[in-house]
Amino acid sequence: MPDLDRERLLGARRLHREVFSVEAGAVAFAPGRVNLMGDHTDYNGGLVLPIAIDLGTTVAASRRDDNRIVVHSVHSNSTVSEDLNALDPLTDNGWAAYVYGSYAAAVRRGWFTGGVSLSIQGDLPLGAGLSSSASLECAVLVALLGFNHYWVAGDISKEDVALAAQEAEHLFAHVPCGIMDQSASMRSLEGTALMLDSRTLCADHVDLCLEQNGLAILLIDTNAHHELNDGGYASRRSQCDDAANRLGVDVLAEASDDGALASLPDPLNRRARHVVSEHARVRATVSAFATGDLGALGELFAASHASLSQDFEVSCLELDIVAAAAPRAGAVGARMTGGGFGGSVVAIVRPADIDAIAAEVLRDLVSAGCAAPTFRLVQPGAGARLLSRP
Ligand code: GLA
């Protein structure tokens, strides 16, 4: 087990003992993700290209004799609890909605029954567009599955767990998300990106050839934080559904009639143009990485950011400033990543250029009156895993 996972395991056991005065039965870790290409394509049947990162959520679980789910979160510094028969998707449970929803999804599938105590901690910044909610859902589900011999034997697929996590988010957090984040958290393999077809759920584990091309992935968190359940995300999704209906296609990502697209009323024409072009950019990005065509990579990242900002209108001032400043200071490419309305920019960089890029980004943000960003180097990490089981 890698050192970081060992530390997570020891920390999770310690916390669980302190909070519940019992030993943890199962401990699970599930990562957040950074999407490299293909945003707002996953609920349109399109391709996405996320990597899991080595930041995420650790959940420890132990069985209870009563009929309750009791949850402690270090981040919110609080413990909440609910009767298992009273779990209600319509109650506003704040952060606990993700946990209750994941528990309910596990129970509905017969993966777990009975009372449970859960303790939760993590190192993923919330609201940074790194999928902290999917990481929480997946960590809860894998911790519960730690008690299930079908999971341990490999008889329950990671794809099914990702779908259960998505169901939790739809029903309990009321975010009509796609399947990218939960898939990245569950299905990623270390050292590779996950090229996922969100319609078929078929996935390829893609080597980005970062080392051969002398590249690194720099994440620039604008610290302008976003909430996906405040309406903008849901409204984009329903505009896409509307566009697909008007075009008479099941999958907006594969609408191919340019004339029909252009004749949609504004803003549906721009929403559709983003989805179709972004879907095509995913394969092109995979080949640009594979062939080391850095010029093409830069153009794809720039086109993606422009499309998300102008056609899909999910960017914001901070993201636009960073996506423009980083390439000017030497980044190979930079684009916003994830749902948008705040969050992070992902930049492909040569390590020697990082200081210059950071200085330029900081200068531009500060002179526009924005907060200082946080810079992190990230690597394609492994998907969710059990760190211990009963
Ligand atoms: C959020 C959603 C994902 C996806 C992205 C945008 O992260 O959870 O399903 O739609 O936004 O690509």
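Nothing here was measured: the structure is a model prediction, and the numbers come from that model.

(A) Fine view of the layout of surface pockets. Of the volumes computed, that of the largest pocket is approximately 1000 Å³. Breaking the lining of the largest pocket down by element, the ones donating at least two residues are strand S3 (50–63), helix H2 (96–108), strand S6 (116–122), helix H3 (132–145), helix H5 (158–172) and helix H6 (180–187). Taken together, the residues that form the lining of the largest pocket break down as 19 nonpolar, 24 polar and seven charged. There is about 570 Å³ of room inside the second largest pocket. Of all elements in the fold, only helix H1 (3–20), S3, strand S9 (216–221) and strand S12 (374–378) reach the threshold of two or more residues within the lining of the second largest pocket. Partitioned by chemical class, the residues of the lining of the second largest pocket number 14 nonpolar, three polar and eight charged.

(B) View of the sheet that holds S12. Read from one edge to the other, the open sheet built from four strands follows the order S10-S11-S9-S12, with strand pairing classed as antiparallel. Of all the strands in the sheet, the pair left with one neighbour each is strand S10 (333–337) and S12. Averaged over all pairs of adjacent strands, the angle between strand axes in this sheet comes to 25°, irrespective of strand direction. Two elements, S9 and strand S11 (residues 344–349), share six bridges in a ladder whose sense is antiparallel. Each bridged residue has a counterpart across the sheet, and for Ile220 the counterpart in S11 is Val345. Contacts from helix H10 (residues 294–311) reach S10 and S11, with the element oriented near 35° to S10.

(C) Layout of the state of the cysteines. Inspection of the entire model under this criterion finds zero disulfides. Of all cysteine sulfurs, the one in Cys138 lies closest to Cys177, which takes part in no disulfide; the gap is 10 Å.

(D) Layout of unusual backbone geometry. The omega torsion of the bond from Asp266 to Pro267 falls at 10°, within 30 degrees of zero and hence cis. With respect to the helices, strands and loops of the structure, Pro267 is situated in the loop between helix H8 (258–262) and helix H9 (268–291). Positioned with a positive phi, Asn77 is a non-glycine residue whose angle comes to about 50°. The phi dihedral of Asn223 falls on the positive side, at around 65°, and the residue is not glycine.

(E) Quick peek at the nonpolar core. By size, the foremost hydrophobic cluster in this structure holds 88 residues, and its most contacted members are Ile69 and Leu118. In this structure Leu118 touches His16, Phe20, Val59, Ala60, Ala61, Ile69, Val70, Val71, His72, Val99, Val140 and Leu144, once residues within four positions along its chain are discounted. One finds Leu124, Leu297, Val332 and Val346 within the second-largest nonpolar core, a separate group that totals 30 residues.

(F) Structural context of the pairing of S6. Across the seven residues of S6, five count as buried, placing the element largely inside the fold. Strand direction decides the pairing type here: S3 and S6, joined by seven bridges, are antiparallel. Directly across from Ser62, in S6, lies its bridge partner Ser117. Looking at chain direction, strand S4 (residues 68–73) and S6 are connected through five bridges and run parallel.

(G) Highlighting the site of the ligand. Neighbouring the ligand are 13 residues; Asp39, His40, Asp42, Asp181 and Tyr233 lie closest to it. Residue Asp181 places a side-chain N or O atom 2.6 Å away from an oxygen atom belonging to the ligand. About the coverage of the ligand: the protein hides 98% of its 310 Å² of free accessible area. Structurally, the ligand is housed in the largest pocket.

(H) Region of the structure containing the environment of Gly342. With respect to the helices and strands, Gly342 occurs in the loop between S10 and S11. Look at Gly342 and you get buried, because its relative accessible area is 3%. Between the alpha carbons of Gly342 and Leu201 there is a distance of 28 Å; along the sequence they are 141 residues apart.

(I) How the structure looks around the packing of aromatic side chains. Tallying each qualifying case throughout the model produces three aromatic pairs. Ring plane angle 70° and centroid distance 5.4 Å describe the contact between Tyr43 and Tyr233, whose orientation is recorded as edge-to-face. Separated by 190 residues along the polypeptide, Tyr43 in the loop between strand S1 (26–35) and strand S2 (47–48) and Tyr233 in helix H7 (residues 232–247) bring together distant segments of the chain. Judged on exposure class, the residue Tyr43 and its partner Tyr233 are both buried.

Analysis parameters
- Residues numbered from 1 in each chain as written.
- Predicted model: local features only at pLDDT ≥ 70, side-chain atom pairs only at ≥ 80, totals over all residues.
- Heavy atoms only, no water.
- 1 Å grid on protein atoms, 1.4 Å probe; cavity = no way out; pocket = protein on both sides within 12 Å on 5 of 7 lines; lining within 4 Å.
- Points joined across faces, edges and corners; volume = space filled by probe spheres on them.
- Helix = DSSP H or I, 4+ residues; strand = E, 2+ residues; numbered from the N terminus.
- Nonpolar A, V, L, I, M, F, W, Y, C, P; charged D, E, K, R; others polar.
- Pairing = 2+ DSSP bridges.
- Axes fitted to C-alpha atoms, helices over the stretch in contact; angles between N-to-C directions.
- Contact = heavy atoms within 4.5 Å.
- Disulfide = S-S within 2.5 Å.
- Core = buried A, V, L, I, M, F, W, Y, C linked by side-chain atoms within 4.5 Å.
- Buried < 20%, exposed > 50% of the residue type's maximum accessible area, 1.4 Å probe, protein only.
- Near = heavy atom within 4 Å.
- Polar contact = N/O pair within 3.5 Å; in protein donor to acceptor, adjacent residues only side chain to side chain.
- Areas by Shrake-Rupley, 256 points an atom, 1.4 Å probe, with all protein chains shown as cover.
- Sits in = over half its atoms within 2 Å of the grid points.
- Phe/Tyr/Trp six-rings, centres within 6.5 Å; stacked < 30°, edge-to-face > 60°.

All we've got here are geometric facts, nothing functional implied.
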